[in-house]
Amino acid sequence: MTQDLSNKDAPLRIGTRGSPLALAQAYETRARLSAAFDLSNDAFEIVVIKTTGDNKAMIDADRPLKEIGNKGLFTKEIEEQLLAGQIDIAVHSTKDMPSEQPDGLVMPCFLPREDRRDAFISHKYAGIADLPPGAVVGTSSLRRRAQLSKIRPDLNLVEFRGNLQTRLAKLADGVADATFLACAGLNRLGLSDVPATPVDPTDMLPAVAQGAIGIECRADDDRILTLLGAIHDVETGICVTAERAFMRALDGSCETPIAAQAYLDQDGLTLKGEILSPDGRVAHHDVQKGDAAQAIPLGTSLAERLLDMAGPGFFDWRNAN
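I will try to describe carefully the structure that is included in this document. (Residues numbered from 1 in each chain as written. Predicted model: local features only at pLDDT ≥ 70, side-chain atom pairs only at ≥ 80, totals over all residues. Heavy atoms only, no water.)

1. Some words on the sheet that holds strand 11 (residues 258–265)
Part 1: The strand order 11-12-13 describes an open sheet built from three strands, whose pairing is antiparallel. The open sheet is flanked by strand 11 and strand 13 (283–290), the only strands paired with a single partner. Each strand axis lies, on average, 10 degrees off the axis of its neighbour in the sheet, ignoring direction.
Part 2: Two elements, strand 12 (residues 268–276) and strand 13, share eight bridges in a ladder whose sense is antiparallel. By the bridge assignment, Lys272 is partnered in strand 13 with Val287.
Part 3: Running at roughly 80 degrees to strand 12, helix 5 (residues 142–151) makes contact with strand 11, strand 12 and strand 13 of the sheet.
Part 4: In the packing of helix 10 (residues 295–310) onto the sheet, contacts are made with strand 12 and strand 13, and the angle to strand 13 comes to roughly 150 degrees. (Pairing = 2+ DSSP bridges. Helix = DSSP H or I, 4+ residues; strand = E, 2+ residues; numbered from the N terminus. Axes fitted to C-alpha atoms, helices over the stretch in contact; angles between N-to-C directions. Contact = heavy atoms within 4.5 Å.)

2. Thoughts on the packing of aromatic side chains
Part 1: Under the criterion given, the structure shown has two aromatic pairs.
Part 2: A ring pair is formed by Phe120 and Phe180, whose centres lie 5.7 Å apart and whose planes are at 70 degrees; its orientation type is edge-to-face. Of this pair, Phe120 sits in strand 5 (residues 118–121) while Phe180 sits in strand 8 (residues 178–182), and the two are 60 residues apart along the sequence.
Part 3: Judged by relative accessible area, Phe180 falls into the buried class, the value being 0%.
Part 4: Considering the side-chain rings of Phe314 and Phe315, the 5.2 Å spacing of their centres and the 75 degrees angle between planes classify their relative orientation as edge-to-face. Summarising the burial analysis for this pair, Phe314 and Phe315 share the class buried. (Phe/Tyr/Trp six-rings, centres within 6.5 Å; stacked < 30°, edge-to-face > 60°. Buried < 20%, exposed > 50% of the residue type's maximum accessible area, 1.4 Å probe, protein only.)

3. With respect to the environment of Leu83
Part 1: Looking at where Leu83 falls in the secondary structure, it is placed in helix 4 (residues 76–83).
Part 2: Separated by 19 residues in sequence, Leu83 and Pro102 have C-alpha atoms that sit 8.9 Å apart.
Part 3: If near-sequence neighbours (up to four positions away) are discounted, Leu83 is found in contact with Pro102, Asp103, Gly104 and Leu105.

4. Structural notes on the sheet that holds strand 3 (residues 89–93)
Part 1: An order of 2-1-3-10-4 is seen for the five strands of this open sheet, with the pairing classed as mixed. Only two strands of the sheet have a single partner each, and these edge strands are strand 2 (44–48) and strand 4 (105–110). Neighbour-to-neighbour, the strand axes of this sheet turn through a mean angle of 30 degrees, independent of strand direction.
Part 2: The pairing of strand 1 (residues 12–16) with strand 2 spans five bridges and is parallel. Bridging across to strand 2, Ile14 finds its partner in Ile46.
Part 3: Against the sheet, helix 8 (residues 222–229) makes contact with strand 1, strand 3, strand 4 and strand 10 (213–218), and its axis sits at roughly 160 degrees relative to strand 10, the strand it touches most.

Here's what the structure looks like:
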């Protein structure tokens, strides 16, 4: 049984990466649990865990993530400690999570979603349309590269690895004319001074689960499951479930040119999806609507429709290396 949360000598251990954004997400999780159960910060311990994706040598080398191994780059070590009982919960940027979790782990809790849009960042230009031909744009996201190549094939795209602060520093140093970050990260860090312009999702459909904080725990830890139930945002959970089911059916990851956006309204659940070739020359997109209770079948069905549209071998490039 998990420890008593009121016992400061045995605090609930929150596992997280060590970047400023990851820590901000862990602090938000702690704050929500504190408020829900009227607890002080002494009831929690923030445990920083370095992942493969945080390796400085890889970041400095600007190697594409797909060359390193794109699944679990930012989660594997954290999940290992969770399974070993060294932490009690793990806080993730859900867009970094592989579509399948290790046996014994579940992600039953999502915090209220932030702005899911991409942000165009530049000290020189106001938006994508203002970039001159040949302008240098830095991004490590294969999705963003494909989408940008689709609408602006005349741009020069370069690898731009590192956390949010690292990429902003590279931009300030003139390594590129522009880059892209998630609006959610900028908002959670209070970076209102960054020259950011939200990108219309019709130009760049966001990544699966972008803007959503997911909290992972052991599947058999009933007390933690109960605690997390108190801070779970149902609407975010439904939308993220549909988007991740879409990605799972495509055998996708955060480094596959796949995009999705789900939302709830009075008519039920709507899911928009897109798949692209890495060079952006071929793109397929569609929309499907359904009942909120059918989030997983809806995501799976939309993926199957797009695969039918794309035809056999559309993702064969993933096995080329």
